[in-house]
Amino acid sequence: MEPLFLAVICACDAGLYREALHEVYIPQIQRGNIHFAAAVLGVRGALLSVLVHFFEDLRWDSPVKTGGDEHSLTTEDHLLILADAALYLTTTQGMGTPEARICYERVESLCHSIKRPLPSVFGTDR
C-alpha cells in the first residue's frame, strides 16, 4: 500500500486531486465500496495521512476548493473525502475530537447543499 499512498500524496501535491482520488484512492487503495485498506488492512491512521493531502495546508477544516478544471474535485468528491476522514478520525481519535466534528459538520452541510440524504454510515455510501 505504501507506493499507492505516496502516489496519492504526490498527485495532491502536484494539484492533481481528481486523478489522485479517482485513479488511485478509490479504485486501488479502497477498492471501491470494499474499503479494503480500512476494513481489511486496518490502516486507518495511514489513510488519514493520505486524506489530509486533499485539504488546504493539511488542515481538516479546509478542503481544497472545487473548480472548473479537469483536476479539481467535485462536491461529491468532497463529500466522499470528508466522510472517510470523519469515519477514520472517529475510529482513531474518538468522536469528541474537533477534527472529527469539523468533518461531520461539513458532510452534513454538503449533503444539504446537494439535497442528498446523510450516509447511514459515513464512508460506505459511494
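In what follows, the accompanying structure is described. On a predicted model such as this, the values are computed, not experimentally measured, just so you know.

A few words on the overall build of the chain. Per the secondary structure count, the chain includes 6 helices and 0 strands. For the chain, the α and β elements follow one another from N to C terminus as α-α-α-α-α-α. If you line up the chain on its principal axes, its C-alpha atoms span 35 × 30 × 25 Å. Taken across its 126 residues, the chain has 44% of its residues classed as buried. Within the chain, counting contacts between residues at least 6 apart in sequence, those at least 24 apart form 59% of the total. About 6,400 Å² of surface is accessible on the chain, with carbon and sulfur atoms providing 55% of the total. Across the chain, the 10 positively charged side chains and the 16 negatively charged ones have centroids separated by 6 Å.

So, about helix H5 (residues 75-93). Taking 1.5 Å of rise per residue, the 19 residues of H5 would be expected to cover 27 Å, and the 26 Å separating its terminal C-alpha atoms lies within 8% of that figure. Those residues of H5 that are buried are in contact with helix H2 (17-29), helix H3 (36-40), helix H4 (44-51) and helix H6 (98-113). Note on H5: the residue one or two positions beyond its end, Gly-94, has a positive phi of about 100°.

Another aspect to go through is the packing of helix H1 (residues 2-13) against H2. Running from amino to carboxyl end, H1 crosses H2 at an angle of 165°, the nearest separation of the two axes being 8 Å. The orientation of H1 with respect to H2, classified from their angle, is roughly antiparallel. The chirality of how H1 crosses H2 is left-handed. Taking contact as the criterion, the partners of Leu-4, Phe-5, Ala-7, Val-8, Ala-11 and Cys-12 in H1 are, on H2, Tyr-17, Ala-20, Val-24, Tyr-25, Gln-28 and Ile-29. Its residues assigned to classes, the contact of H1 with H2 comprises 11 nonpolar, 1 polar and no charged.

Next up on the list: the packing of aromatic side chains. Applying the stated criterion across every chain yields a total of 2 aromatic pairs. Plain terms: the ring middles of Tyr-17 and Phe-54 are 6.4 Å apart, the flat faces sit at 50° to each other, and that makes the pair tilted. Of the two residues, Tyr-17 is situated in helix H2 and Phe-54 in the loop between H4 and H5; the sequence distance between them amounts to 37 residues. Where Phe-55 meets Trp-60, the ring centres are 5.0 Å apart and the plane angle is 65°; that geometry is what we call edge-to-face. Here the two residues Phe-55 and Trp-60 agree in accessibility, since each one is buried. One residue, Arg-31, lies across the ring of Phe-36, its end atom 3.8 Å from the ring centre.

A few words now on the side chain of Ser-62. Tracing the sequence through the fold places Ser-62 in the loop between H4 and H5. Dropping the residues within four chain positions of it, Ser-62 is found in contact with Phe-55 and Glu-56.

Going through the model one piece at a time under the given rule, you end up with 3 salt bridges. As a salt-bridge pair, Arg-18 and Asp-77 come within 2.7 Å of each other at their nearest N and O atoms. With a gap of 59 residues between them, Arg-18 in helix H2 and Asp-77 in helix H5 connect regions that are remote in the sequence.

Calculation notes
- Residues numbered from 1 in each chain as written.
- Predicted model: local features only at pLDDT ≥ 70, side-chain atom pairs only at ≥ 80, totals over all residues.
- Heavy atoms only, no water.
- Helix = DSSP H or I, 4+ residues; strand = E, 2+ residues; numbered from the N terminus.
- Buried < 20%, exposed > 50% of the residue type's maximum accessible area, 1.4 Å probe, protein only.
- Contact = heavy atoms within 4.5 Å.
- Areas by Shrake-Rupley, 256 points an atom, 1.4 Å probe, with all protein chains shown as cover.
- Lys, Arg positive; Asp, Glu negative; His and termini not counted.
- Charge placed at Lys NZ, Arg CZ, Asp CG, Glu CD.
- Expected span 1.5 Å × (residues − 1).
- Axes fitted to C-alpha atoms, helices over the stretch in contact; angles between N-to-C directions.
- Parallel < 35°, antiparallel > 145°, perpendicular 65-115°, else oblique.
- Left-handed = near helix turned anticlockwise from the far one by under 90°.
- Nonpolar A, V, L, I, M, F, W, Y, C, P; charged D, E, K, R; others polar.
- Phe/Tyr/Trp six-rings, centres within 6.5 Å; stacked < 30°, edge-to-face > 60°.
- Lys NZ or Arg CZ within 6 Å of the ring centre and 35° of its normal.
- Salt bridge = Lys/Arg side-chain N within 4 Å of Asp/Glu carboxyl O.

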